[in-house]
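Coordinate analysis (summary)
Given next are the chains, with one letter for each unit.
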Amino acid sequence: MTTIVPRTDVDVRYGEPGASARPWEEAEDALRRAQITWISTVRPDGRPHVTPLLTVWRDGALHFCTGAHERKARNLETNPAVVLTVSSPAGGGLDVVVEGVAERVADDDRLRGLAAAWEADHGPEWRFEVADGAFVDPHGGAFVFRVAPVTVFGFARSPASQTRWRFGPA
């Protein structure tokens, strides 16, 4: 697997004098360890919708699941742009905001790998089976989405700084 190296810069307007950009690996670690991630989507009428969910970081992207009839799934039908936010524990660390586009994962082989990741990251109560391009469990089915980062912001508290990582063409 090839590691994508983002373009990195620090916005000196929003930090302590002399604060430097944080390494991308620190942001990836925060995404990998996230217990709760907040997703922001846009309703068809333009109003925002924000809700917490569990994610897994695999293959350079955040993945989340949602029921087909939930508000966020319906929002993604008309506008796949999302923002995913992870906050580090109080008192330190790096808060991370990922901007990207949600793409549905429907390949059963990929879904089986992600189901194993969900259970490994979040425990046996998050065990999913895979059928017909979705996760299934006793409560029903869930679509799985992948969000590859386009732009990521990292907000450090000590020293205070704001790092931006950009992916894709310059």
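Up top is the structure these notes are about.
Here's what I pulled together on the structure shown here. (Residues numbered from 1 in each chain as written. Predicted model: local features only at pLDDT ≥ 70, side-chain atom pairs only at ≥ 80, totals over all residues. Heavy atoms only, no water.)

**Overview of unusual backbone geometry**
Quick reminder of the rule: The helix and strand labels rest on DSSP assignments: H or I over at least four residues marks a helix, E over at least two residues marks a strand, and numbering proceeds from the N terminus. Here's how the labels work: a residue is buried when its accessible area is under 20% of the maximum for its type, exposed when over 50%, partly exposed in between, all with a 1.4 Å probe on protein chains only.
At the junction of Ser158 and Pro159, the peptide bond is cis and its omega measures out at -5° in the coordinates. Positive phi values are uncommon outside glycine, yet Asp59 reaches one of about 50°. For Asp59, the location among the structural elements is in the loop between strand S4 (55-58) and strand S5 (61-66). The exposure class assigned to Asp59 is exposed, which follows from its relative accessible area of 56%. One non-glycine residue, Asp132, lies in positive phi territory at about 55°. Assignment of secondary structure puts Asp132 in the loop between strand S8 (129-131) and strand S9 (134-137).

**Examining the pairing of strand S7 (residues 94-105)**
Filter applied, for reference: When DSSP locates at least two bridges between a pair of strands, those strands are taken to pair.
For strand S6 (residues 81-86) and S7, the ladder comprises 6 bridges, and the chain directions are antiparallel. Its bridge partner lying in S7, Val86 is registered against Val96. Sheet analysis places S7 next to strand S10 (residues 140-157), joined by 12 bridges and oriented antiparallel. Bridging from a neighbouring strand, Val98 pairs with Val152 of S10.

**Let's talk about helix H3 (residues 108-122)**
Test applied: Here the expected length of a helix is defined as 1.5 Å per residue gap, with one fewer gap than residues. Think of it as the arc spanned by the lines of direction from the helix axis to the C-beta atoms. Here a residue-residue contact requires only that any non-hydrogen atoms of the pair lie within 4.5 Å.
Counted at 1.5 Å a residue, the expected span for H3 with its 15 residues is 21 Å, and the 20 Å between its end C-alpha atoms agrees. Among the residues of H3, those classed as buried are Leu111, Leu114, Ala115, Ala117, Trp118 and His122. Down the axis of H3, the sector holding all buried residues measures 165°, keeping them to one side. What points out from H3, more than 90 degrees from its buried face, is the exposed set Asp109 and Ala120. Looking at the buried positions of H3, the neighbouring elements they touch are S4, S5, S7, S8, S9 and S10. Just downstream of H3, Gly123 is the residue with a positive phi angle, here 100°.

**So, the pairing of S9**
Where S8 and S9 come together, 3 bridges link them in antiparallel fashion. By the bridge assignment, Val130 is partnered in S9 with Phe135. Connecting S8 to the next strand, S9, in antiparallel fashion are 2 residues, including Asp132 with a positive phi near 55°. Pairing between S9 and S10: 3 bridges, direction antiparallel. Bridge pairing in S10 links Val136 to Gly141. Between the end of S9 and the start of S10, which pair antiparallel, lie 2 residues.

**With respect to the packing of aromatic side chains**
Each pair of aromatic rings is reported with the distance of its centres and the angle of its planes. Applicable threshold: When two rings of Phe, Tyr or Trp (its six-membered ring) have centres within 6.5 Å they constitute a pair, described as stacked for plane angles under 30 degrees, edge-to-face for angles over 60, and tilted for the intermediate range.
This model, assessed by the stated rule, comprises 9 aromatic pairs. Here Phe64 and Phe145 contribute two aromatic rings whose centre-to-centre distance is 5.3 Å and whose plane-to-plane angle is 20°, an arrangement assigned as stacked. With Phe64 in strand S5 and Phe145 in strand S10, the pair connects residues that are 81 residues apart, well separated along the chain. Owing to a relative accessible area of 0%, Phe64 belongs among the buried residues under this scheme.

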